[in-house]
Amino acid sequence: MTNYIYKCSGCQKEFGAKEIESNFIYLCPVCGKAEKNRPLEGVLTVEYDYTELKKKLLKKIFLKLTPGKFWLYPDLLPVNFKKFRDDQLIKLALPSDQLLKYNINKREFWILDDTRNPTLSYKDRASSLVALKALQLGITEIAAASTGNAGSSLAGICARLGLNARIYVPKNIPEAKRIQIEAYGAKLIVVDGDYDKAFDVCLEESKKNKWYNRNTAYNPLTIEGKKSAAYDIFISSQGNIPDVIFVPVGDGVIISGIYKGFKELLALGWIDKLPKLIAVQSTGSDALVRYFKTAKFEYKPANTIADSISAGAPRNLYMAANAVKESNGFAIAVTDEEILSAQKEFITQTGILCEPSSASVYAAYKKLVLEDRISAVEKNLLLITGNGLKDIISLRKLGGN
Ligand SMILES: Cc1ncc(COP(=O)(O)O)c(C=O)c1O
Ligand SMILES: [Zn+2]
């Protein structure tokens, strides 16, 4: 017996964990749809019995945990950690000192620095959980579509755990990310098209060959894995969580995961309000921003220097929109020029080498400060999700040499 169920984010129907997992079901069996160039419908979430957990778990004990070691809270994750040895799990640990405080232009803000993760991006949070689930289910082949980071992450995590990864990438993948995927020994499939095409091809091939699929949002464990940042922030800040969190948005899974983590902390009674989530996109890939304006999804091919947040059809659009709305946040787009200039300033002022997707949050933060749209007394946190060395061409554009 597991202590969790799956629930559809669309029709709200609930399903037993065994029914979903042993039949390798990913989307809702009733309303799930994965259509070309469209957000997924019927994305499943994992739900726990929070009333029971409230009786069992204690905030003051939770706050003593080491951040970055997600297996230390097994009651809140859908994997049977008893199946794994400590020496396997420790290979998946993230740095425990990711929460950093900065003061630039007399404004203080926090950073969650995911650039030092095992494969240098936030994606390790999802890949680790998915890979452990595959191991638990006795599967050794995992496939994923990726703009680069999810793929290099899955490739690296699979190499750590002795699994095989197949990564479908778009033609425009930055060279460093492609090399990283290949260096880990994963099978690389360059699709003749963009990320949206890679996503669809990967789904078809995984189904045909019965590989475990890690496509973001499609596999509900990607959202579960990505919620761990909320717990890490909670532990690192000793419960004094930020008021506002800036999140780079591509497919909208990171923001959905962060929201879910904080919602759970709220359900456990450990925090009394959700942080406001500000979704940051590039003007060349702004489906969520447009969705808020028109209340409908319209496919527009994405084109931005920030390749990690380049998604014409954000697969988790509806859940991301809900996260923004329910947390009282909003969505904002910044231009590629603003991203590049913010990347330069951020790197030189913080010493953290981030990639353009992560610089977008600093660009948005600066813009909102300038426009006086965020309060100086609120605690703001910027999610820095990817390492700058993954995109050398953008780094070169920053100039200097
Ligand atoms: C570094 C980085 N930041 C942000 C994102 C956006 O995350 P999501 O697609 O879950 O919105 C990605 C996704 O690839 C990423 O690699
Ligand atoms: Zn459904």
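Structure: see above.
Residues numbered from 1 in each chain as written. Chains lettered and ligands numbered in written order. Predicted model: local features only at pLDDT ≥ 70, side-chain atom pairs only at ≥ 80, totals over all residues. Heavy atoms only, no water.

Would you take a moment to explain the packing of helix 6 (residues 149–161) against helix 7 (residues 175–183) for this structure?
Two quantities define a packed helix pair, namely the angle between the axes and the distance from one axis to the other. Across the interface, helix 6 lies against helix 7 with an axial gap of 8 Å and an inter-helix angle of 20°. In terms of orientation, helix 6 lies roughly parallel with respect to helix 7. By crossing handedness, the relation of helix 6 to helix 7 is classed as left-handed. When helix 6 is examined against helix 7, the residues Asn 149, Gly 151, Ser 152 and Ala 155 are found in contact with a partner set consisting of Lys 177, Gln 180 and Ile 181. For the contact of helix 6 with helix 7, the per-class residue count stands at 2 nonpolar, 4 polar and 1 charged. (Axes fitted to C-alpha atoms, helices over the stretch in contact; angles between N-to-C directions. Helix = DSSP H or I, 4+ residues; strand = E, 2+ residues; numbered from the N terminus. Parallel < 35°, antiparallel > 145°, perpendicular 65-115°, else oblique. Left-handed = near helix turned anticlockwise from the far one by under 90°. Contact = heavy atoms within 4.5 Å. Nonpolar A, V, L, I, M, F, W, Y, C, P; charged D, E, K, R; others polar.)

So what exactly am I meant to see when it comes to the side chain of Ser 360 here?
Looking at the secondary structure, you find Ser 360 in helix 15 (residues 356–370). Those residues in contact with Ser 360, other than ones at most four positions away along the chain, are Pro 248, Val 280, Ile 309, Val 334 and Ile 339.

Sorry if this is basic, but what is going on with the site of ligand 1 here?
Taken together, the neighbourhood of ligand 1 is formed by 17 residues, with Lys 123, Asn 149, Gly 250, Gly 252 and Thr 385 sitting nearest. Note that an oxygen atom of ligand 1 is positioned 3.0 Å from one of the backbone N or O atoms of Val 253. With the chains in place, 98% of the 390 Å² that ligand 1 exposes on its own is no longer accessible. Across the shell around ligand 1, the residue classes tally to 5 nonpolar, 8 polar and 4 charged. (Near = heavy atom within 4 Å. Polar contact = N/O pair within 3.5 Å; in protein donor to acceptor, adjacent residues only side chain to side chain. Areas by Shrake-Rupley, 256 points an atom, 1.4 Å probe, with all protein chains shown as cover.)

Sorry if this is basic, but what is going on with the coordination of the zinc ion (ligand 2) here?
Reference values for coordination geometry: four tetrahedral donors around a metal ideally subtend 109.5 degrees, six octahedral donors ideally subtend 90 or 180 degrees. Within the protein, the zinc ion (ligand 2) binds to Cys 8 (SG), Cys 11 (SG), Cys 28 (SG) and Cys 31 (SG); these donor distances fall in the range 2.3 Å. Note that the zinc ion (ligand 2) binds 4 donor atoms; their angles at the metal cover 99 to 120°, and the shape is tetrahedral. On the basis of relative accessible area, Cys 8 is assigned to the buried category, the value being 1%. (Donors = N, O, S within 2.8 Å, 3.2 Å for Na, K, Ca; no water. Tetrahedral: all angles 85-135°; square planar, octahedral: opposite > 155°, others 65-115°. Buried < 20%, exposed > 50% of the residue type's maximum accessible area, 1.4 Å probe, protein only.)

Looking at this structure, I do not really get helix 6. What am I missing?
Residues spaced three or four apart along an α-helix point in a common direction, a consequence of the helix completing one turn every 3.6 residues. In a regular helix each residue adds 1.5 Å, so 13 residues correspond to 18 Å; helix 6 covers 18 Å between its end C-alpha atoms and thus fits that length. Counting buried positions along helix 6 yields 11 of 13 residues, so the element is predominantly enclosed. Of all the residues in helix 6, the buried ones are Asn 149, Ala 150, Gly 151, Ser 152, Ser 153, Leu 154, Ala 155, Gly 156, Ile 157, Cys 158 and Leu 161. Those residues of helix 6 that are buried are in contact with helix 4 (86–89), helix 5 (124–137), strand 6 (141–145), strand 7 (164–169) and helix 7. In the stretch just after helix 6, Gly 162 is the one whose phi turns positive, near 75°. (Expected span 1.5 Å × (residues − 1).)

What should I look at first to understand the pattern of salt bridges in this one?
A side chain with one charge may pair with a side chain of the opposite charge, provided their charged atoms come close. Within the structure shown, the criterion is met by 28 salt bridges. Here Glu 21 and Lys 133 are joined by a salt bridge, their closest N and O atoms 3.0 Å apart. A residue pair is termed long-range when its members are at least 10 positions apart, and Glu 21 in helix 1 (residues 17–22) and Lys 133 in helix 5 qualify at 112 residues. You'll find Glu 21 and Lys 133 in the same group, each marked buried. Note that Asp 87 and Arg 85 form a salt bridge whose closest N and O atoms lie 2.9 Å from each other. In this structure Arg 85 comes out as partly exposed when scored by relative accessible area, which is 48%. Taken together, the salt bridges that share partners define one network made up of Glu 224, Lys 227, Lys 260 and Glu 264. (Salt bridge = Lys/Arg side-chain N within 4 Å of Asp/Glu carboxyl O.)

It is not clear to me how a nonpolar patch on the surface should be interpreted in this structure. Could you clarify?
There is a patch of nonpolar side chains on the surface, built from Leu 353, Leu 389 and Ile 392 and spanning about 240 Å² of accessible area. Its location among the elements puts Leu 389 in the loop between strand 13 (380–384) and helix 16 (392–397). (Patch = residues over 30% accessible without salt bridge, like charges linked within 9 Å, V, L, I, M, F, W, Y side chains within 5 Å.)

I would appreciate a short explanation of the sheet that holds strand 6 in the present structure.
Remark on secondary structure: sheet strands pair via backbone hydrogen bonds, oriented parallel or antiparallel. Strand order in the open sheet formed by 4 strands is 8-7-6-9, with parallel pairing between adjacent strands. Looking at the sheet topology across the chains shown, the edges are occupied by strand 8 (187–190) and strand 9 (212–213). Bridging between strand 6 and strand 7 involves 5 bridges; their strand directions are parallel. Bridging from a neighbouring strand, Ala 145 pairs with Tyr 168 of strand 7. Its contacts with the sheet put helix 6 on strand 6 and strand 7, and the angle it makes with strand 7 is roughly 170°. (Pairing = 2+ DSSP bridges.)

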